[in-house]
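Architecture at a glance
Spelled out from the first residue to the last, the chains are:
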Amino acid sequence: MSVQRPPVRPPEPENIVLQARDVRFDWSDVPLHWIPRDPVATHLINVLHMLLPAGEEWFVKVFKEAVPYVRDDRLREDVLGFIGQEAMHASSHDAVLDHFVEQGLDVRPFVRQVEFVFEDLLGDRGLTGDRKRAWLFERIALIAAIEHFTGVLGDWILNAKALDEAGADPMMLDLLRWHGAEEVEHRHVAHDLFMHLDGSYAARLRAMGETITMLGALWHRGHRFLMARDPIVRGRIKGGMRHLRRTGPAGLTPSGRMVGASVRRYLSRTYSPLNEGSTSQALAYLAASPAARAALR
């Protein structure tokens with residue numbers, strides 16, 4: 001009897017210099033329901049646009065605060081590249097929110113709630129000395145846990161062929177896949193920084209528990225908000241994470257099973273973010289992305 005072996009992963013590129021790509025998107029022709037005839041799936045992904053501007057601006061602030069603690073030159077270079085990419089992600093998703101408002105979907109009340117979470121609850125708190133340092137390292141652990149999910153989601157969107165088959169708007173897909181590809185490209189940086197500064201397995205577990213609670217609550221509330229405020233749906237469909245039971249297996253959104261499996265991998269003591277997704281695939285998309293190519297001109 002022959003023994004089936006797992007497929008051999010192709011060698012991944014090394015010594016990549018992370019760089020921010022100055023991308024631009026034109027939202028003027030993008031419909032509110034950019035997955036045709038499926039506002040539920042559209043808004044399950046649109047929650048990202050409400051979370052990312054404040055969240056990634058917070059990443060940038062925390063990582064800038066962490067730079068003086070980095071004692072490894074290569075890691076410092078990665079951290080600075082990460083900061084540049086995340087700043088561009090935040091501004092790109094912020095432009096989508098303006099487009100929503102122009103289409104009659106005022107997302108600003110929920111965005112203010114998200115800003116409160118990142119700027120107030122997770123802000124610097126005015127601490128000094130050892131307490132300031134401990135709170136900084138705690139937030140880096142949180143970012144490492146969040147970045148696990150952004151890397152997993154980045155890998156998912158790069159391979160989400162069901163969205164193409166459903167006729168999803170190509171401009172929105174390019175934004176999501178450009179962003180997803182860069183998340184895969186830099187998926188190791190936050191974890192590397194956490195391991196460099198702390199590395200405690202207990203801190204990693206605690207951060208993942210807090211991250212699941214926070215993101216789960218925000219995503220559920222955000223989807224309910226969008227479905228209630230959508231000027232076309234007008235509240236006729238109640239939002240919530242229960243819709244993943246349909247959209248996940250259909251390939252239109254990540255599935256709960258996929259996300260749960262990724263959490264189990266993260267909780268392993270031997271976890272490495274480099275085992276999530278493919279750098280080669282990410283770079284191939286970035287070489288083909290209309291927005292990323294235009295940024296080179």
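Residues numbered from 1 in each chain as written. Predicted model: local features only at pLDDT ≥ 70, side-chain atom pairs only at ≥ 80, totals over all residues. Heavy atoms only, no water.

**Points about the overall build of the protein chain**
In plain terms, the rule: The helix and strand labels rest on DSSP assignments: H or I over at least four residues marks a helix, E over at least two residues marks a strand, and numbering proceeds from the N terminus. Note that the radius of gyration is over C-alpha atoms, with the globule rule given as 2.2 Å times the number of residues to the power 0.38. Residues are treated as being in contact if the distance between any of their heavy atoms lies within 4.5 Å. Positive charge is attributed to Lys and Arg, negative charge to Asp and Glu, and no charge count is given to His or to the chain ends. Here the site of a charge means NZ on Lys, CZ on Arg, CG on Asp, or CD on Glu.
If you tally the helices and strands in the protein chain, you get 12 helices and 0 strands. In terms of C-alpha radius of gyration, the protein chain reaches 19 Å, essentially the compact-globule figure of 19 Å for 297 residues. Once the C-alpha set of the protein chain is aligned to its principal axes, its extents read approximately 60 × 50 × 45 Å. Intrachain contacts of the protein chain at a sequence separation of at least 6 include 82% that bridge at least 24 residues. Looking at charge distribution, the protein chain has the averaged site of its 37 positive side-chain charges lying 7 Å from that of its 38 negative ones.

**Side note on helix 10 (residues 256-266)**
Given 3.6 residues per turn, any residue in an α-helix points the same way as the ones three and four places further on. We apply this condition: Between buried and exposed lies partly exposed: a residue is buried under 20% and exposed over 50% of the maximum accessible area for its type, with that area taken using a 1.4 Å probe on protein chains only. It is the directions from the helix axis to the C-beta atoms that the arc portrays.
Among the residues of helix 10, those classed as buried are Ser 262, Val 263 and Tyr 266. The buried side chains of helix 10 occupy one side of the element, clustering within an arc of 105° when seen end-on. Of the residues in helix 10, the exposed ones pointing more than 90 degrees away from the buried face are Arg 257 and Arg 264. Along its buried surface, helix 10 packs onto helix 4 (129-158) and helix 8 (201-229).

**A short note on the pattern of salt bridges**
Short version of the rule: The rule for a salt bridge is simple: a side-chain nitrogen of Lys or Arg has to be within 4 Å of a carboxyl oxygen of Asp or Glu.
A full pass over the atoms with the stated rule returns 12 salt bridges. Arg 76 is paired through a salt bridge with Asp 73; the nearest N and O atoms lie 3.0 Å apart. In this pair, Arg 76 and Asp 73 are both assigned in helix 2 (residues 73-102), 3 residues apart and thus about one turn of the helix distant. Looking at Arg 76, the relative accessible area reads 27%, which means it is partly exposed. Judged by its relative accessible area of 62%, Asp 73 is exposed.

**Concerning helix 6 (residues 170-185)**
Put simply, the rule reads: The span one expects for a helix is its residue count, reduced by one, times 1.5 Å. Polar contact criterion, stated in full: a pair of N or O atoms within 3.5 Å, where within protein one must be able to donate a hydrogen and the other to accept it, and residues adjacent in sequence count only if both atoms are side-chain atoms.
With 16 residues, helix 6 extends 22 Å between its outermost C-alpha atoms, agreeing within 8% with the 22 Å of an ideal straight helix rising 1.5 Å per residue. With 14 of its 16 residues buried, helix 6 lies for the most part within the structure. Looking at where helix 6 begins, the residue whose side-chain oxygen comes 2.9 Å from the main-chain nitrogen of Met 171 is Asp 169.

**Details of a negative patch on the surface**
The cut-off we apply is this: In this analysis, a patch consists of residues with relative accessible area above 30% that form no salt bridge, clustered at 9 Å for like charges and at 5 Å for the nonpolar side chains Val, Leu, Ile, Met, Phe, Trp and Tyr. Every accessible area reported is derived by Shrake-Rupley at a probe size of 1.4 Å, with residue values counting cover from the shown protein chains alone.
There is a patch of like negative charges on the surface, built from Glu 57, Asp 94, Asp 98, Glu 102, Glu 119 and Asp 120. Mapped by element, the contributors of at least two residues to the negative patch are helix 2 and helix 3 (108-121). Per-element tally for the negative patch: the top contributor is helix 2, with 3 residues. In this structure, Asp 94 sits in helix 2.

**Overview of the side chain of Ser 289**
Its place among the elements puts Ser 289 in the loop between helix 11 (279-288) and helix 12 (290-294). Filtering out sequence-adjacent residues up to four positions away, Ser 289 remains in contact with Asp 174 and Trp 178.

**Description of the packing of aromatic side chains**
Put simply, the test is: The criterion for an aromatic pair is that two Phe, Tyr or Trp rings (for Trp, the six-membered ring) have centres within 6.5 Å, with stacked assigned to planes under 30 degrees apart, edge-to-face to planes over 60 apart and tilted to the rest. Only Lys NZ and Arg CZ are tested; either one counts as a charge over a ring when it is within 6 Å of the ring centre and within 35 degrees of the ring normal.
Overall, the coordinates contain 9 aromatic pairs when judged by the stated rule. A ring pair is formed by Phe 25 and Trp 27, whose centres lie 5.6 Å apart and whose planes are at 25°; its orientation type is stacked. A relative accessible area of 15% places Phe 25 in the buried class. Relative accessible area serves as the criterion here: at 7%, Trp 27 is assigned to the buried category. Judged by centre distance (5.4 Å) and plane angle (45°), the ring pair of Trp 58 and Phe 118 falls under tilted. Pair noted here: Trp 58 is in helix 1 (residues 39-66) and Phe 118 is in helix 3, with a separation of 60 residues, a long-range link. Accessibility classification places Trp 58 together with Phe 118 in one group, the buried group. Note that Arg 204 overlies the ring of Tyr 266, its terminal NZ or CZ placed 5.2 Å from the centroid.

**Digging into the packing of helix 4 against helix 10**
Heads up, the rule is: Axis lines are fitted through C-alpha atoms, for helices just across the contact stretch, and the angle between N-to-C directions can take any value from 0 to 180 degrees. To sort the angles, those under 35 degrees are grouped as roughly parallel, those over 145 as roughly antiparallel, those from 65 to 115 as roughly perpendicular, and the leftovers as oblique. The handedness criterion is simple: a crossing whose near helix is rotated anticlockwise from the far helix by less than a right angle is left-handed, and one whose near helix is rotated clockwise is right-handed. The nonpolar class holds Ala, Val, Leu, Ile, Met, Phe, Trp, Tyr, Cys and Pro. Asp, Glu, Lys and Arg form the charged class, and all remaining residues, Gly among them, are polar.
It is at 11 Å that the axes of helix 4 and helix 10 come closest, and there the two elements cross at 135°. Taken together, the axes of helix 4 and helix 10 lie oblique to each other. For the crossing formed where helix 4 meets helix 10, the hand is right-handed. Residue-level contacts link Ala 144, Ala 145, His 148, Phe 149, Val 152 and Trp 156 of helix 4 to Met 258, Val 259, Ser 262, Val 263 and Tyr 266 of helix 10. Grouping the constituent residues of the contact of helix 4 with helix 10 by class yields 9 nonpolar, 2 polar and no charged.

**Observations concerning the nonpolar core**
Across soluble globular proteins, nonpolar side chains have a tendency to be buried as a group. Selection criterion: By convention a nonpolar core is built from buried Ala, Val, Leu, Ile, Met, Phe, Trp, Tyr and Cys residues, the set being connected through side-chain atoms within 4.5 Å.
Counting 88 residues, the largest nonpolar core has Trp 58, Phe 63, Val 107, Ile 140, Leu 163 and Leu 193 as its most contacted members. Setting aside anything within four residues of it in sequence, one finds Trp 58 in contact with Phe 118, Leu 122, Arg 139, Leu 142, Ile 143 and Ile 146. Formed by 5 residues, the second largest nonpolar core is a distinct cluster that contains Val 40, Leu 44, Val 233 and Leu 244.

**Quick look at the confidence of the model for the protein chain**
For clarity, the cut-off: Here pLDDT means the predictor's own confidence in every residue, given as a number from 0 to 100.
With 96% of its residues at a pLDDT of 70 or more, the protein chain shows a mean pLDDT of 95. Confidence drops under a pLDDT of 50 for residues 1-8, and excluding neighbours within four residues, the segment shows 0 contacts in the predicted structure.

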